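Now for the letters of each chain:
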Amino acid sequence: MKLYKLLYKFSLFVGLLLLVVGIIQKSSDISARGITFSKYGNISYGILDENGTLFLSFGCLLLSLWSRKVFLDLEKERQQKLKNEKQEFRQNKRKR
């Protein structure tokens, strides 16, 4: 359950950060270029343009929404179990 909470917060932060970077890239018409290395030692250049950054940010935000939904469902289920256990404890106490 804590994993989903952590995933929600991390993906929300990364998604918002990428959204801001994508908007800045879109407004100033720049691309992020970087050197990547393959497992065979070849050097290639990777480009992350403004549309790719925005697409990646929406993917992170969707992941954030999904993990929040799962976290809330698990939390609701846990609360329901606690409520049922309290009711059972009260009933057992009354029977004695």
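As the structure is a prediction and not an experimental result, all values here were calculated from the model.

Visitor: Looking at this structure, how should I read the overall build of the protein?
Guide: Within the protein, the secondary structure is distributed over two helices and two strands. Secondary structure elements in the protein, listed N-terminal to C-terminal, are α-β-β-α. Counting only residues that meet the buried cut, the protein has 17% of its 96 residues in that class. Long-range contacts, defined here as pairs at least 24 residues apart, represent 65% of the contacts in the protein between residues at least 6 apart. Carbon and sulfur atoms make up 63% of the accessible area of the protein, which amounts to about 8,200 Å² in all.

Visitor: Explanation requested: the packing of aromatic side chains in the structure shown.
Guide: Given two aromatic rings, one states the distance between the centres and the angle between the planes to describe the pair. Considering all chains together, one arrives at one aromatic pair under this definition. With a centroid separation of 5.9 Å and 75 degrees between ring planes, the pair formed by Tyr4 and Trp66 is classed as edge-to-face. Residue Tyr4 is found in helix α1 (residues 2-28), and its partner Trp66 is found in helix α2 (residues 50-95); the two are separated by 62 residues along the sequence. A relative accessible area of 27% means that Tyr4 is categorised as partly exposed. Looking at Arg68, its charged tip hangs above the ring of Tyr8, at a distance of 5.1 Å from the centre.

Thresholds applied
- Residues numbered from 1 in each chain as written.
- Predicted model: local features only at pLDDT ≥ 70, side-chain atom pairs only at ≥ 80, totals over all residues.
- Heavy atoms only, no water.
- Helix = DSSP H or I, 4+ residues; strand = E, 2+ residues; numbered from the N terminus.
- Buried < 20%, exposed > 50% of the residue type's maximum accessible area, 1.4 Å probe, protein only.
- Contact = heavy atoms within 4.5 Å.
- Areas by Shrake-Rupley, 256 points an atom, 1.4 Å probe, with all protein chains shown as cover.
- Phe/Tyr/Trp six-rings, centres within 6.5 Å; stacked < 30°, edge-to-face > 60°.
- Lys NZ or Arg CZ within 6 Å of the ring centre and 35° of its normal.

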